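One-letter residues, chain by chain:
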There are 2 protein chains.
Amino acid sequence: MNKKKHWHESRGTKPVKSTGEGQEFPGTGEGVPPSAVRNENIRNLERLFSPKGVAVIGASAQEGSVGRALFENFLNSDFKNRVFAVNPFHESVLGKKAFKNVKAIPQKVDLAVIAVPAKFVPSALRDCAQKGVSNAIIISAGFSEIGERELTSELEKIIRENPGTRVLGPNCFGIFDGKSRLNTTFSETKRTRLPKAGSVSFISQSGALGVAILDWMSTQNFGLNKFVSYGNAMDLDESDLLEFLDHDKATKVIAMYIEGAKHGRKFLEIAKKVCVKTPIVALKGGISEQTHKATASHTGSLAGSAEVYRALFRQTGIIQAENMLELFSFAKILAGEPLPKGDRALIITNGGGYGIVTADSVIGNGLRLARLGRKSAERLRKAFPERVTIANPLDLVGDAGLERYSVAIEAALKDKNVDMVIVLVLFNTPAIDEGIVKEIAKWKKKAKKPLTVVSIGSEFTQGMMKLLEKEGVVTFNYPNVCARALKALADFAEFRRESNGK
Amino acid sequence: MNKKKHWHESRGTKPVKSTGEGQEFPGTGEGVPPSAVRNENIRNLERLFSPKGVAVIGASAQEGSVGRALFENFLNSDFKNRVFAVNPFHESVLGKKAFKNVKAIPQKVDLAVIAVPAKFVPSALRDCAQKGVSNAIIISAGFSEIGERELTSELEKIIRENPGTRVLGPNCFGIFDGKSRLNTTFSETKRTRLPKAGSVSFISQSGALGVAILDWMSTQNFGLNKFVSYGNAMDLDESDLLEFLDHDKATKVIAMYIEGAKHGRKFLEIAKKVCVKTPIVALKGGISEQTHKATASHTGSLAGSAEVYRALFRQTGIIQAENMLELFSFAKILAGEPLPKGDRALIITNGGGYGIVTADSVIGNGLRLARLGRKSAERLRKAFPERVTIANPLDLVGDAGLERYSVAIEAALKDKNVDMVIVLVLFNTPAIDEGIVKEIAKWKKKAKKPLTVVSIGSEFTQGMMKLLEKEGVVTFNYPNVCARALKALADFAEFRRESNGK
């Protein structure tokens, strides 16, 4: 039942005290303060995600241990570069030669993943610094999150004295890279899946929630670029990661779960800069006064902080997701769609009721229903049979095939009175065949405004939507989820326009 | 491409005029007014859903015709009772003997499904009345929804003169019965699935949206009792159906899509009665002024009607779903959970961040976080290791196995300060095994308050959740969707208390 007893017990954190080591904003900065020196190499974190050589310190063959889960994940992964086991008690681990310590490894090591009991972490990290390892991920828990002062100070000191070794953690799940397939999490591969490569990067203050989200992402059609669980953020904090991801070409959108910023001022300044180029969607844990207190009961300044975060997000341009569903749908739409010029949506449909319901969601979420311009209205009037009323929703009626959809989408994309297009398709009507996938994808590739597809149904419909997603079309099952995401996109576009000088 | 051209063209409705024949509330009652005589047999509609003999008038072998799709669905279905083809032009249809008209069928016919061109519908219906057929479903379109007055009046007259034959439609998809497997829709079975039998019945004013929802329901873990697309509601309207379903023992919850009630006063009175026993969840299409006009442009009295519906729903106790996602999640929770005594939720979790996010959703949706009573707090304090803080969220921490979950759930169910329990399980932690399914299910069976499970993840997690659903446990992926549904449940419980007392 309780195979990982030792490790889990050492990880047990007081939940009301936070799942990470999140500091109240403005941050009191218990950890090592950021310095110009340390930040110089922030853009060089590439090696953290694509290391040439990796040492797993604490690699173990012991059933149920974190060191085993971690090392096994490496052995079974698609990560191509060299991985070394470090274990002072064994000659080999799971058939691989084991080194006494990281310094004993003759090759270059870019990354050390440390998963030894807390009391052995300082010496392991010291070894890494001496070996010249540029990045270390400390998976081990047992530091400030359980109120352990001595070990925490010792670790902070080592970090301060060795700026050449950047540290992620402690008390974290580490990273997963969609492209290099580097996976330092110890999640059970039988129970979790890793997402395909994509353009969304996700950073999480909570490890367990992060891994659950990682697992869930694998079921979604959009891919992941980089995943980081940063735990106590003793060295690298959320701001450093934001800054790095902003410069990372493969990251188009940053999604994050945050309870409290490590250094409030730093977070404010960096987030402001990042949002100019890379959209950030943030789910703040502890957004109500009540839960806020739960996440931050170990700091002094509580009052009004949930509101402080709302204001901070608004000011920096961070798009606040109110819940996990929004975190996903906002990230998805930001990754797949261009920014709209306004908030006027045209709904194209082959089902009247579905169109009405979607129009309700469009209006209910604060978007406007577009009015087709005179020219496009005239063009459509000529192209369509009389029973198609030229309105919004534009109901192409039940016998609409891809021709009618094509004409309607073209008109919508050309019409300056339309800022975004929501295409509803009930795929189970006989006039629709698979050709519609290519047709919509063709227009999507040309589109300079958001063009999303919404549909609902079982296998056949889901299959068509998967094909659309493969072609780069963003799809949703629920009109209200789509409309809410488009509203967030439109708001962000407005923020961009305003910050670019109106 | 356009195989069903003839039929679809005849069905083409002006979308801005509504997808059904929805009348403005208060209804102007264009159709046949309800009468005491007609309502007498409303409870005897069982035969509509479980007819002994069915005649398909317009059964056809012609590729792409509605008559063929419909009849084929019958031939391929699990519906066990006799089905007769009626087609005056052929001796047989798809290998089955065809009768010249319904009167020529020697056996008893409980239900006639009419799918002939509009102009032939009156004589077909007259035949049904003469034969003594108790129910007829008119699938055919081409009546008031396209402004066709003459045929509409003729049909209304026949209905008025033959109260022994109750009519569903015209311009509808008809019905599906989860238990008898009767399916009068002509949806393509290759593209749509039918849900398993369950306790939710769904009535829809929109046919196409209704069928899409039917198809989507098949992907959900809760089952369907009866589905009705009632179209123009010339005879049987949404109020009749509500009344019938209220008396139908297999229906625990009624979900509905409505644009406008046929007879406003009747709807108000019947809905009021029904809500005392059977909860109704309604998605109103055209809820904003703008879309409302779109659904009802063919009637005179428009002003304020969206608000009139909100008030009507509040007054009767109908639970209003703002969107399709809510329609599903509300129906699901009403079908699976008892009504809570209050709005205080306890969150049990094995992931701190997940607990915090859920607490945010609980508060954000207007529920309260329960405070454990002193006795249960003391009991839990003794039962759990020190690192488990007795609070809400109650974080059992990462190494919690089913024992800890069991102790926590038992305490929550016993504690009078807890009105509902949200159990979060990150199934990918090694301390969790499949035994937790039986354990939670055991408590669920004993529970007299709502007890739902929320989790997120890929195959393994979804598999565990399916097992839970099979055991009768209601599950959700997103905490906010669960919290929103629980809030609707708590509000409905309050409505019930108020209408039962005071």
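Residues numbered from 1 in each chain as written. Chains lettered and ligands numbered in written order. Predicted model: local features only at pLDDT ≥ 70, side-chain atom pairs only at ≥ 80, totals over all residues. Heavy atoms only, no water.

Peer 1: Go over the relation of the copies chain A and chain B with me, naming the residues and quoting the values.
Peer 2: With an RMSD of 0.1 Å, the fit of chain A onto chain B corresponds to turning through 180 degrees and sliding 0.0 Å along the axis. Here the symmetry operator amounts to a two-fold rotation axis. Both copies present the same face, since 99% of the interface residues in chain A are matched by interface residues at the equivalent positions in chain B. (Least-squares fit on C-alpha atoms with pLDDT ≥ 70 in both. Contact = heavy atoms within 4.5 Å.)

Peer 1: Any details on helix α13 (residues 352-364) of chain B? Residues and values, ideally.
Peer 2: All names here are of chain B. The first and last C-alpha atoms of α13 sit 18 Å apart over 13 residues, in line with the 18 Å expected at 1.5 Å per residue. With 11 of 13 residues buried, α13 lies mostly within the body of the structure. Three or more residues of α13 are buried, namely Gly352, Gly353, Tyr354, Gly355, Ile356, Val357, Thr358, Ala359, Asp360, Ser361 and Val362. Trailing α13 by a residue or two, glycine 366 shows a phi angle of about 90 degrees, which is positive. (Helix = DSSP H or I, 4+ residues; strand = E, 2+ residues; numbered from the N terminus. Expected span 1.5 Å × (residues − 1). Buried < 20%, exposed > 50% of the residue type's maximum accessible area, 1.4 Å probe, protein only.)

Peer 1: Break down the interface of chain A and chain B for me, citing the residues and quoting the values.
Peer 2: Contact with chain A, which involves 82 residues of that partner, is made by 81 residues of chain B. Both sides together, the interface formed by chain A and chain B hides about 6800 Å², and carbon and sulfur atoms give 64% of it. Viewed at the interface, chain B and chain A are joined by 2 salt bridges. At the boundary of chain A and chain B, one finds 22 residue pairs in polar contact (both at pLDDT 80 or more). For the side of chain A that touches chain B, the element with the most residues is helix α13 (residues 352-364) of chain A, which contributes 9 residues. Grouping the amino acids of the side of chain A that touches chain B by side-chain chemistry returns 34 nonpolar, 30 polar and 18 charged. (Buried area = accessible area lost by both parts, 1.4 Å probe. Salt bridge = Lys/Arg side-chain N within 4 Å of Asp/Glu carboxyl O. Polar contact = N/O pair within 3.5 Å; in protein donor to acceptor, adjacent residues only side chain to side chain. Nonpolar A, V, L, I, M, F, W, Y, C, P; charged D, E, K, R; others polar.)

Peer 1: Break down the layout of surface pockets for me, with residues and values.
Peer 2: Considered as a void within the structure, the largest pocket measures approximately 1600 Å³ in volume. Looking at the lining of the largest pocket, the elements with two or more residues in it are α12 (324-336), α17 (459-470) and β19 (475-476) of chain A together with α12 (324-336), α17 (459-470) and β19 (475-476) of chain B. Residue classes in the lining of the largest pocket are distributed as 15 nonpolar, 17 polar and 7 charged. (1 Å grid on protein atoms, 1.4 Å probe; cavity = no way out; pocket = protein on both sides within 12 Å on 5 of 7 lines; lining within 4 Å. Points joined across faces, edges and corners; volume = space filled by probe spheres on them.)

Peer 1: Before we move on, could you go through α12(A) and cite the residues and values that matter?
Peer 2: All names here are of chain A. Over its 13 residues, α12 extends 18 Å from the first C-alpha to the last, a length consistent with the 18 Å expected when each residue adds 1.5 Å. With 12 of its 13 residues buried, α12 lies for the most part within the structure. Among all positions in α12, only Met324, Leu325, Glu326, Leu327, Phe328, Ser329, Phe330, Ala331, Lys332, Ile333, Leu334 and Ala335 are buried. Here α12 starts with a cap whose side-chain oxygen sits 3.2 Å from the backbone nitrogen of leucine 325, and that cap is asparagine 323.

Peer 1: Kindly report on the pattern of salt bridges, identifying the contributing residues and their values.
Peer 2: In total, this model carries 58 salt bridges over all chains according to the counting rule given. We note a salt bridge from A:Arg166 to A:Asp235, for which the minimum N-O separation is 3.1 Å. Of this pair, A:Arg166 sits in strand β7 (residues 166-168) while A:Asp235 sits in the loop between β10 (224-229) and α8 (238-247); the two residues are 69 residues apart in sequence, bridging distant segments of the chain. Of the residues examined, A:Arg166 reaches a relative accessible area of 3% and is grouped as buried. With a closest N to O distance of 3.2 Å, B:Lys332 and B:Glu469 form a salt bridge. Of this pair, B:Lys332 sits in helix α12 while B:Glu469 sits in helix α17; the two residues are 137 residues apart in sequence, bridging distant segments of the chain.

Peer 1: Talk me through the environment of A:Arg191; I want residue IDs and the actual numbers.
Peer 2: One can find A:Arg191 in the loop between β8 (174-177) and β9 (197-204). Note on A:Arg191: relative accessible area 12%, which makes it buried.

Peer 1: Please give an account of the pairing of strand β6 (residues 135-138) of chain A that cites residues and values.
Peer 2: All names here are of chain A. In β6, alternate side chains face the same way, and those of Asn135 and Ile137 on one face and Ala136 and Ile138 on the other are all buried. Of the pairings in the sheet, the one linking strand β5 (residues 111-114) to β6 comprises 4 bridges and is parallel in character. Note on β6: the bridge partner recorded for alanine 112 is alanine 136. With helix α5 (residues 121-131) bridging β5 and its parallel neighbour β6, the resulting β-α-β unit is right-handed. Pairing of β6 with β7, which is carried by 3 bridges, proceeds in the parallel orientation. Opposite alanine 136, over in β7, you have valine 167 as the bridge partner. In this fold, the crossover linking β6 to β7 by way of helix α6 (residues 149-161) has right-handed handedness. (Pairing = 2+ DSSP bridges. Right-handed = clockwise from strand over helix to strand, strands pointing away.)

Peer 1: Pulling in residues and values, what's your account of the side chain of A:Arg191?
Peer 2: Side-chain polar atoms of A:Arg191 contact the backbone oxygen of B:Thr429, separated by 2.9 Å. Residues within four places of A:Arg191 in sequence aside, it is in contact with A:Asp215, B:Phe427, B:Asn428, B:Thr429, B:Pro430, B:Ile432, B:Asp433, B:Ser458 and B:Phe460.

Peer 1: Can you lay out the sheet that holds β9(A) for me, pointing to particular residues and giving the numbers?
Peer 2: Residue and element names in this part refer to chain A. In space, the 6 strands of this open sheet follow the order β8-β10-β9-β11-β12-β13, with mixed pairing throughout. Strands at the two margins of the open sheet, each flanked by one partner only, are β8 and β13 (319-321). This sheet shows a mean twist of 20 degrees between the axes of neighbouring strands, independent of strand direction. (Axes fitted to C-alpha atoms, helices over the stretch in contact; angles between N-to-C directions.)

Peer 1: How would you explain the nonpolar core if you had to name every residue and give the values?
Peer 2: Counting residues in each nonpolar core, the largest one holds 110 residues, and the members touching the most others are A:Phe202, A:Met324, A:Ile422, B:Phe202, B:Met324 and B:Ile422. Contacts of A:Met324, omitting those with residues within four sequence positions, involve A:Leu209, A:Ile213, A:Leu283, B:Tyr354, B:Val357, B:Ile456, B:Tyr478, B:Pro479 and B:Asn480. (Core = buried A, V, L, I, M, F, W, Y, C linked by side-chain atoms within 4.5 Å.)

Peer 1: Could you give me a rundown of the sheet that holds strand β10 (residues 224-229) of chain B, with the residues and numbers involved?
Peer 2: Residue and element names in this part refer to chain B. Ordered in space as β8-β10-β9-β11-β12-β13, the 6 strands form an open sheet in which the pairing is mixed. Each end of this open sheet is capped by a strand with a single partner; those strands are β8 (174-177) and β13 (319-321). Across this sheet, the average inter-strand angle for adjacent strands is 20 degrees, counted without regard to direction. Sheet topology note: the strand β11 (residues 253-258)/strand β12 (residues 280-284) ladder contains 5 bridges and is parallel. Across the sheet, the residue bridging to alanine 255 is valine 281, located in β12.

Peer 1: Outline unusual backbone geometry, supporting the account with residue identities and numerical values.
Peer 2: All names here are of chain A. Residue proline 393 follows asparagine 392 across a cis peptide bond; omega there is 5 degrees. Mapping proline 393 onto the fold places it in the loop between α14 (374-383) and β16 (394-395). Even without being a glycine, valine 397 presents a positive backbone phi close to 60 degrees. Inspection of the secondary structure puts valine 397 in the loop between β16 and α15 (402-414). Classification of valine 397 by relative accessible area gives buried; the value is 4%.

Peer 1: Let's hear about the packing of helix α5 (residues 121-131) of chain B against helix α6 (residues 149-161) of chain B: which residues, and what values?
Peer 2: Residues and elements named next belong to chain B. It is the contact of α5 with α6, at a shortest axis distance of 10 Å, that shows an interaxial angle of 5 degrees. If you check the angle between α5 and α6, you find them roughly parallel. Between α5 and α6, the contacting residues are Val121, Pro122, Leu125 and Arg126 on the first element and Leu151, Glu154, Leu155, Ile158 and Ile159 on the second. A breakdown of the residues in the contact of α5 with α6 according to their chemical character gives 7 nonpolar, no polar and 2 charged. (Parallel < 35°, antiparallel > 145°, perpendicular 65-115°, else oblique.)

Peer 1: Residue-level account of the environment of B:Ile390, with values.
Peer 2: Residue and element names in this part refer to chain B. You can see isoleucine 390 is positioned in the loop between α14 (374-383) and β16 (394-395). Considered as a pair, isoleucine 390 and leucine 372 are 18 residues apart in the sequence and their alpha carbons are 8.4 Å apart. Once residues within four sequence positions are removed from consideration, isoleucine 390 is found in contact with Leu372, Ala377, Leu380, Arg381 and Phe384.

Peer 1: Just give me the short version of the state of the cysteines, but keep the residues and values in it.
Peer 2: For the coordinates displayed, the defined rule picks out 0 disulfides over all chains. Sulfur of A:Cys128: no disulfide; nearest cysteine sulfur belongs to A:Cys172 and is 14 Å away. (Disulfide = S-S within 2.5 Å.)

Peer 1: Break down the packing of aromatic side chains for me, with residues and values.
Peer 2: Taken as a whole and judged by the stated rule, the model has 20 aromatic pairs over all chains. Taken together, a centroid distance of 5.9 Å and an interplanar angle of 75 degrees make the contact between B:Phe84 and B:Phe99 edge-to-face. Remark: B:Phe99 occurs in strand β4 (residues 96-99) and B:Phe84 occurs in strand β2 (residues 82-86); sequence separation between them is 15 residues. The interplanar angle of 75 degrees and the centroid separation of 6.4 Å between the aromatic rings of B:Trp216 and B:Phe328 together place this pair among those described as edge-to-face. Of this pair, B:Trp216 sits in helix α7 (residues 207-217) while B:Phe328 is found in helix α12, placing the two residues 112 residues apart along the sequence. With respect to class, B:Trp216 is no different from B:Phe328; both count as buried. Members of the aromatic cluster, joined through ring pairs, are A:Trp216, A:Phe328 and B:Tyr478. In this structure, A:Lys97 is placed above the aromatic ring of A:Phe99, and the distance from its NZ or CZ to the ring centre is 4.9 Å. Directly above the aromatic system of B:Trp443 lies the positively charged group of B:Lys446, at a separation of 4.8 Å from the ring centroid. (Phe/Tyr/Trp six-rings, centres within 6.5 Å; stacked < 30°, edge-to-face > 60°. Lys NZ or Arg CZ within 6 Å of the ring centre and 35° of its normal.)

Bear in mind that shape data such as this cannot, by itself, settle questions of function.
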